[in-house]
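Chain by chain, the residues:
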Amino acid sequence: MGTLASDVDDLTSYLHLSLGLKDLGKKVIGSPQVLPLLSSFLERLVQKNERLIETAQIKNIPTVFHGMRAPALSIHQYIDRIFKYFGCSPSCFVVAQIYVDRFLKVTDGHLTSLNVHRLLITSITIAAKFIDDAFFNNAYYAKVGGVSTSELNRLEVEFLFGINFRLYVSVDTFTAYCTQLEKEASSEGLPVERPVRTCRLKENWSNTAPDDTRCASPVAR
């Protein structure tokens, strides 16, 4: 995990500004729109999955990411807390969602109130290390997330092996997820700004790295 190369300066989509995905060098004022949209999407998905589990339509298989009970903080509060104290770029939250989808697909898992918080703190930690120029250590991230350092270390290893260390995200895949989140904005009746702005996404992550989720929308698992 390390510093990545040049920014994309010519993305023609307005999505990145509309979702509040700013360049790292410029302070984000307030909460980027991507945060409440992602929170809303995840909360609805958790509610849907738990209804399906109650009716035995899907199986809930416990993993290291499952807690004994749901945390007191809502998904929205938890994501806001991570953004406030991590100091990471808003793009990390989109990349983290891509990672979570990959993990759930491979493990045939489903988001519930018992695992969503640990999956979030783990995936955002990994995303921050992979796409941001500067980041903290796991002891700090664990404190923000409300878990011990040893637990976050264990969760990180489990997650990375689960996705086979597939951290590369193509620009197309990233933009597809942004599009899905913009649809969330439309469904929520939220205003979306139109000016063009590049996000903190790197084009030259890898010229050959595989990405079988290219152009995929978020997986509803």
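Looking at an unreviewed UniProt entry, the chain carries the name Cyclin, with the source organism given as Trapa incisa. Quoted verbatim from the Sequence similarities (unreviewed entry) field of UniProt, the annotation for the chain is "Belongs to the cyclin family. Cyclin U/P subfamily."

Asker: What's the story with the layout of surface pockets in this structure? I'm lost.
Answerer: Taking a probe equal in size to a water molecule and rolling it over the atoms shows the remaining empty space. When its volume is computed, the largest pocket comes out at roughly 240 Å³. Lining the largest pocket are 19 residues, and of these Pro71, Tyr78, His117, Gly145 and Gly146 sit closest to its centre. With 4 residues, the single largest contributor to the lining of the largest pocket is helix α5 (residues 116-131). Residues of the lining of the largest pocket, tallied by class, amount to 10 nonpolar, 6 polar and 3 charged.

Asker: What is the right way to read the nonpolar core from this model?
Answerer: Generally speaking, nonpolar side chains in soluble globular proteins are found buried as a group. By size, the foremost hydrophobic cluster in this structure holds 52 residues, and its most contacted members are Phe93, Tyr99, Leu111 and Phe159. Those elements giving two or more residues to this core turn out to be α2 (34-54), α3 (75-86), α4 (91-107), α5, α6 (138-145), α7 (149-162) and α8 (171-188).

Asker: I would appreciate a short explanation of unusual backbone geometry in the present structure.
Answerer: When glycine is set aside, most residues are seen to have a negative phi, and most peptide bonds are trans. Unusually for a residue other than glycine, alanine 56 sits at a positive phi of about 60°. Given the relative accessible area of 67%, alanine 56 is considered exposed.

Asker: Honestly, the pattern of salt bridges in this entry has me stumped. Any pointers?
Answerer: Opposite charge on two side chains permits pairing when their charged atoms draw close. Under the counting rule described, the total for this entry stands at 2 salt bridges. One salt bridge connects arginine 118 with glutamate 151, and the closest N-O pair in it is separated by 2.8 Å. Of this pair, arginine 118 sits in helix α5 while glutamate 151 is found in helix α7, placing the two residues 33 residues apart along the sequence. A salt bridge links glutamate 156 to lysine 129, with the nearest nitrogen and oxygen atoms 2.9 Å apart. Taken together, the residues glutamate 156 in helix α7 and lysine 129 in helix α5 connect sequence positions 27 residues apart. Pair check on accessibility: glutamate 156 and lysine 129 agree, each one buried.

What counts and what doesn't
Residues numbered from 1 in each chain as written. Predicted model: local features only at pLDDT ≥ 70, side-chain atom pairs only at ≥ 80, totals over all residues. Heavy atoms only, no water. UniProt positions renumbered as here; feature names shortened; annotations may be inferred. 1 Å grid on protein atoms, 1.4 Å probe; cavity = no way out; pocket = protein on both sides within 12 Å on 5 of 7 lines; lining within 4 Å. Points joined across faces, edges and corners; volume = space filled by probe spheres on them. Helix = DSSP H or I, 4+ residues; strand = E, 2+ residues; numbered from the N terminus. Nonpolar A, V, L, I, M, F, W, Y, C, P; charged D, E, K, R; others polar. Core = buried A, V, L, I, M, F, W, Y, C linked by side-chain atoms within 4.5 Å. Buried < 20%, exposed > 50% of the residue type's maximum accessible area, 1.4 Å probe, protein only. Salt bridge = Lys/Arg side-chain N within 4 Å of Asp/Glu carboxyl O.

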